[in-house]
Amino acid sequence: MKAGMFFTESGPVLILTARDSLLDPMLLGQLRTKGINKFIAFEVPVERVKEKYGQHFAVTMGDFRQTDDLRVVDEEGHRVFYNFALEDLGEPIYVDEPALRKAA
């Protein structure tokens, strides 16, 4: 499982995925169906997400209305941004619309 903070046009979103990479073509396709076509993402430690979100993390993992490959933990940008120290973030991953067209 991977966790990522995705900076999109509407602000940061915290996402969990069962995929091995935040650049997995299936994940990119799922993001596109949610209207996320361009972003800068940072991998964050899953343990840190569990620590910060506690019971909400467990509820998100048990929410069968979401797909198994993609779970949105938090879409309140201000909270996502301030829940993690910048030093907790991995290397930036840049995705622009042309990269998504190639992945689909």
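The structure we're discussing is the one just above.
Residues numbered from 1 in each chain as written. Predicted model: local features only at pLDDT ≥ 70, side-chain atom pairs only at ≥ 80, totals over all residues. Heavy atoms only, no water.

S.K.: In this structure, what is going on with a nonpolar patch on the surface? I would like to understand it.
M.R.: Taken together, the side chains of Phe81, Tyr82 and Leu86 define a hydrophobic patch exposed on the protein surface, amounting to about 350 Å² of accessible area. Among the residues examined, Tyr82 registers a relative accessible area of 59% and is labelled exposed. (Patch = residues over 30% accessible without salt bridge, like charges linked within 9 Å, V, L, I, M, F, W, Y side chains within 5 Å. Areas by Shrake-Rupley, 256 points an atom, 1.4 Å probe, with all protein chains shown as cover. Salt bridge = Lys/Arg side-chain N within 4 Å of Asp/Glu carboxyl O. Buried < 20%, exposed > 50% of the residue type's maximum accessible area, 1.4 Å probe, protein only.)

S.K.: Just checking my understanding: could you explain helix α2 (residues 46–62) for this structure?
M.R.: Two residues of an α-helix separated by three or four positions point the same way, owing to the 3.6 residues in each turn. Under the 1.5 Å per step criterion, the end-to-end length of α2 is only 16 Å for 17 residues, more than 12% shorter than the ideal 24 Å. The largest bend in α2 amounts to roughly 115° and is located at Tyr53. Residues of α2 that are buried: Val46, Val49, Tyr53, Phe57 and Thr60. For α2, the secondary structure elements touched by its buried residues are β1 (2–8), β2 (11–17), β3 (39–44), β4 (70–74) and α3 (77–83). (Helix = DSSP H or I, 4+ residues; strand = E, 2+ residues; numbered from the N terminus. Expected span 1.5 Å × (residues − 1). Bend = angle between axes of the 7 residues up to and from the residue. Contact = heavy atoms within 4.5 Å.)

S.K.: Sorry, what's going on with the pattern of salt bridges here?
M.R.: For side chains bearing opposite charge, pairing can occur when the charged atoms are close. Using the criterion set out here, one finds seven salt bridges in the structure. Among the salt bridges present, the one from Lys50 reaches Glu47, with a minimum N-O distance of 3.3 Å. Linking Lys50 with Glu47, this pair stays in helix α2, spanning three residues, or about one helical turn. For Glu47, a relative accessible area of 54% puts it in the exposed group. Taking the shortest distance from any N to any O, the salt bridge between Asp88 and Arg48 comes out at 3.3 Å. Placement of the pair is Asp88 in the loop between α3 and β5 (92–95) and Arg48 in helix α2, with a sequence separation of 40 residues. Given a relative accessible area of 16%, Asp88 falls into the buried group. Classification of Arg48 as partly exposed rests on a relative accessible area of 28%. Each of the salt bridges in this network shares a partner with another, and the network as a whole consists of Arg48, Glu51 and Asp88.

S.K.: I tried to follow the packing of aromatic side chains on my own but got confused; where do I start?
M.R.: A ring pair, where both rings are aromatic, is described by two values, the distance of the centres and the angle of the planes. Throughout the structure, instances matching the rule amount to four aromatic pairs. Consider the rings of Phe7 and Phe81, whose centres lie 6.0 Å apart with planes at 85°: the pair is edge-to-face. Of the two residues, Phe7 sits in strand β1 while Phe81 sits in helix α3, which places them 74 residues apart along the sequence. (Phe/Tyr/Trp six-rings, centres within 6.5 Å; stacked < 30°, edge-to-face > 60°.)

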